[in-house]
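Fold and contact review
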Amino acid sequence: MSTPRPSISIAAAELPKIAYGRGSRLWDTSGKSYLDGSGGPAVYCLGHAHPEVNAALVRQLEQVAHGYRYTFTSDPLEQLTALVSEACGGNLKHMIFVSGGSEAVESALKLALQYQTAVGQPSRRHFIARRRSWHGNTLGAMSVSGFEERRAPFEGALLDTTLLSPVNAYRPMAGASAETVAEAGAAELEAAIRARGEERVAAFIFEPIVGAAGGAVPAPPGYARRIREVCDRYGVLMIADEVMCGSGRSGNWRTLEHDGVEPDIMTVAKGLGGGYVPLGAAIYTSRIHEALSAAHGGPLTGHTFTGHTLACAAGVAVQSIVKRDGLVERVRTAGERFQNSLRGALGNLEPVGDVRGRGFFVGVEFVADRATKEPFLAEHQLYLRVRRNALERGLICYPSGGNVDGVRGDTAILAPPYNATDAELQEIVDLFTLAVRDSLAEVGAL
Ligand code: PMP
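Quick look at the structure, then. Just so we're clear, the structure is a prediction, and the values are computed from it rather than from any experiment.

Definitions and limits used
- Residues numbered from 1 in each chain as written.
- Predicted model: local features only at pLDDT ≥ 70, side-chain atom pairs only at ≥ 80, totals over all residues.
- Heavy atoms only, no water.
- Helix = DSSP H or I, 4+ residues; strand = E, 2+ residues; numbered from the N terminus.
- Rg over C-alpha atoms; globule rule 2.2 N^0.38 Å.
- Buried < 20%, exposed > 50% of the residue type's maximum accessible area, 1.4 Å probe, protein only.
- Contact = heavy atoms within 4.5 Å.
- Lys, Arg positive; Asp, Glu negative; His and termini not counted.
- Charge placed at Lys NZ, Arg CZ, Asp CG, Glu CD.
- 1 Å grid on protein atoms, 1.4 Å probe; cavity = no way out; pocket = protein on both sides within 12 Å on 5 of 7 lines; lining within 4 Å.
- Points joined across faces, edges and corners; volume = space filled by probe spheres on them.
- Nonpolar A, V, L, I, M, F, W, Y, C, P; charged D, E, K, R; others polar.
- Pairing = 2+ DSSP bridges.
- Axes fitted to C-alpha atoms, helices over the stretch in contact; angles between N-to-C directions.
- Disulfide = S-S within 2.5 Å.
- Expected span 1.5 Å × (residues − 1).
- Salt bridge = Lys/Arg side-chain N within 4 Å of Asp/Glu carboxyl O.
- Parallel < 35°, antiparallel > 145°, perpendicular 65-115°, else oblique.
- Left-handed = near helix turned anticlockwise from the far one by under 90°.
- Core = buried A, V, L, I, M, F, W, Y, C linked by side-chain atoms within 4.5 Å.
- Near = heavy atom within 4 Å.
- Polar contact = N/O pair within 3.5 Å; in protein donor to acceptor, adjacent residues only side chain to side chain.
- Areas by Shrake-Rupley, 256 points an atom, 1.4 Å probe, with all protein chains shown as cover.

A tally of regular secondary structure across the chain gives 14 helices and 17 strands. Here the chain has a C-alpha radius of gyration of 21 Å; the compact-globule value for 446 residues is 22 Å, and the two agree. When the 446 residues of the chain are sorted by exposure, 57% land in the buried category. In the chain, the proportion of contacts linking residues at least 24 apart, taken out of those at least 6 apart, comes to 72%. Taking the average place of the 44 positive charges on the side chains of the chain and the average place of its 48 negative ones, the gap between the two points comes to 1 Å.

The next point concerns the layout of surface pockets. Take a probe with the size of a water molecule and roll it over the atoms, and the empty space left behind shows itself. Computed from the structure, the largest pocket encloses a volume of approximately 730 Å³. Contributing to the lining of the largest pocket are 41 residues, with L384, R387, C397, Y398 and P399 lying nearest its centre. Residue assignment for the lining of the largest pocket shows that the elements contributing at least two residues are β2 (25-28), β3 (33-36), α1 (39-42), α6 (148-151), α13 (382-392), β15 (395-396) and β16 (398-401). Residue contributions to the lining of the largest pocket peak at six residues, all from α13. Here the residues of the lining of the largest pocket are counted per class, giving 23 nonpolar, nine polar and nine charged. Of the voids in this model, the second largest pocket is the one considered here, and its volume is about 390 Å³. Among the elements of the structure, α3 (75-88) and β4 (92-98) are those that each provide at least two residues to the lining of the second largest pocket.

This part covers the side chain of S107. Assignment of secondary structure puts S107 in helix α4 (residues 101-118). On the accessibility criterion, S107 (2% relative accessible area) is buried. Beyond its immediate chain neighbours, meaning those up to four positions away, S107 contacts V98, A282 and T301.

Here the focus is the sheet that holds strand β10 (residues 237-241). Strand order in the open sheet formed by seven strands is β4-β12-β11-β10-β7-β5-β6, with mixed pairing between adjacent strands. Only two strands of the sheet have a single neighbouring strand rather than two, namely β4 and β6 (161-164). The sheet shows a mean angle of 20° between the axes of neighbouring strands, taken without regard to direction. When β10 meets strand β11 (residues 265-268), the two strands line up parallel, connected through three bridges. Bridge pairing in β11 links I239 to I265.

This next bit is on empty space enclosed by the protein. Overall, the coordinates contain one cavity of 30 Å³ or more when judged by the stated rule. Here the largest cavity defines a volume of roughly 40 Å³. Lining the largest cavity are G67, R69, F72, T73, S74, L77, G307 and T309. Across the lining of the largest cavity, the residue classes break down as two nonpolar, five polar and one charged.

What follows is about the state of the cysteines. Across all of its chains, the model carries zero disulfides by this definition. Free of any disulfide, C45 has its nearest neighbouring cysteine sulfur in C245, separated by 14 Å.

Between its first and last C-alpha atoms helix α7 (residues 181-196) spans 22 Å; for 16 residues at 1.5 Å apiece the expected length is 22 Å, and the two agree. Regarding α7, the residues found buried are V181, A182, G185, A186, L189, E190, A192 and I193. Elements in contact with the buried residues of α7: β5 (126-130), β6, β7 (201-206) and α8 (223-234). Two residues or fewer after α7 comes G197, characterised by a positive phi angle close to 100°.

Should the charged atoms of two oppositely charged side chains come close, the side chains can pair. All chains considered together, the criterion is met by 26 salt bridges. In this structure, R324 and D325 form a salt bridge, with 2.8 Å as the shortest nitrogen-oxygen distance. Among the charged side chains, a network of salt bridges with common partners joins R171, D354, R356 and E365.

Two elements in contact, helix α2 (residues 51-63) and helix α11 (residues 309-324), have axes whose closest approach is 9 Å; the angle formed by their N-to-C orientations is 150°. With respect to their mutual orientation, α2 and α11 come out roughly antiparallel. The element α2 and its partner α11 pack so that their crossing is right-handed. Counted together, E52, V53, A56, L57, Q60 and L61 of α2 and T309, L310, A313, A314, A317, V318, I321 and R324 of α11 form the full contact between these two elements.

This next bit is on the nonpolar core. Counting residues in each nonpolar core, the largest one holds 64 residues, and the members touching the most others are V84, F97, I283, L342, F366 and F432. By residue number, the principal contributor to this core is α11, which donates nine residues. If we skip the residues at most four places from it in the chain, F432 touches L342, L346, V364, F366, V386, L395, C397, A412 and L414. One finds V167, A176, F206 and V261 within the second-largest nonpolar core, a separate group that totals 26 residues.

Neighbouring the ligand are the residues G100, G101, S102, W134, H135, G136, E207, D241, V243, M244 and K270. Between the ligand and the protein, one listed contact pairs a nitrogen atom with a backbone N or O atom of W134 at 3.4 Å. Summarising the interface, the protein chains cover 80% of the accessible area of the ligand, which totals 390 Å² for the free molecule. Split into classes, the residues belonging to the shell around the ligand amount to three nonpolar, five polar and three charged.

Moving on: the packing of α3 against α11. With their axes 8 Å apart at the nearest point, α3 and α11 run at an angle of 40° to one another. Relative to α11, α3 is oriented oblique. In this structure, α3 meets α11 at a crossing whose hand is left-handed. Across the interface between the two elements, P76, L77, Q79, L80, L83 and E86 from α3 touch T309, C312, A313, G315, V316, Q319, S320 and K323 from α11. Along the lines of polarity and charge, the residues of the contact of α3 with α11 split into seven nonpolar, five polar and two charged.

Here it is, written out as structure tokens:
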């Protein structure tokens, strides 16, 4: 038996205990404060303890926490549907509110299967997705996820899914360059559909900006449009998983708005309710809605807490503030400055290979050799060092490992609250740079 390597991850028993939060900061029970540079896992878009959101939750609780969906509709449900549909624009007018990202993805997969049955194509049962992607921890969502480390203990019991190459301009697949990677990714999708037989493929699912599995990797220019064309040509539905990058985080409410592309089904979660309550949604177009209504009377998916009244009230409060305060616009403009100041602060560090992302969803990738993009040895656990050193300095960031081959690769995501002040954004850059320097020094790379 191999000896387990000493881990520098922070064991659950050693985690600090949360006491309270205010805006972009959190305090633990020892009185130590943390600047929330990643909104936790890219969730807390309005920061913590927002007085208007809290007041809206109290008001709703004083009325009723939950009106069960088979008995009642509710104002919060109807208002959130209107707000999300307006934010999405176009044909994305229908939605199912669930309790998080995995449930949103499960719903999206089921809507795709149900649609194909409804339009007389019940042989279309197969999903195509990509390696280095993460769609969630339930069995269906994990089945379409290309995240080896998380899948490994469950292999053999997952749905048979075709996993294509990641589409990453910094690390293009073999034979492609940063300029041709979009086309190569689309060609791979087309070949996979043909190989499986188009009459068997239900949908293609991807993250418009890859989150945890890649370290905020944006789709290269032109990719989404080409994917849309391929899906349309073969009757395959396009599912955009915007659980992490959506709800305004990328500087557009929908990330694919930037590319001028509308998916058939889209998932959101984290920033939708800003973490005040568990909330997610699977959103779908009028075409899907009409097919499901005609064949089955509506979507055949849902849970006890689908459209939960308090959760929807939180969503209404968060999304109304995002809209009223022009926060998506703020993310777009301040995001560019934030990314530039990060580049300025980190750019002279040889092991910083790439700073990328969009809006307030920024990824930093560390490499042992900038020219060859060779990653650090996995044994160094560099990404965990960054997490620990940042926490010690009072900064929360979201590091992740394994983006290169499932084992090697070190990235960190920064995803500040949309209402973080300019001074807080600068403090995030400063603390993060110090934590990166500490970590690189520990592994002898500085
Ligand atoms: N999709 C994406 C893109 C995600 O980043 C995540 C979570 N990190 C999920 C789905 C699953 O969401 P949840 O953890 O809320 O179930």
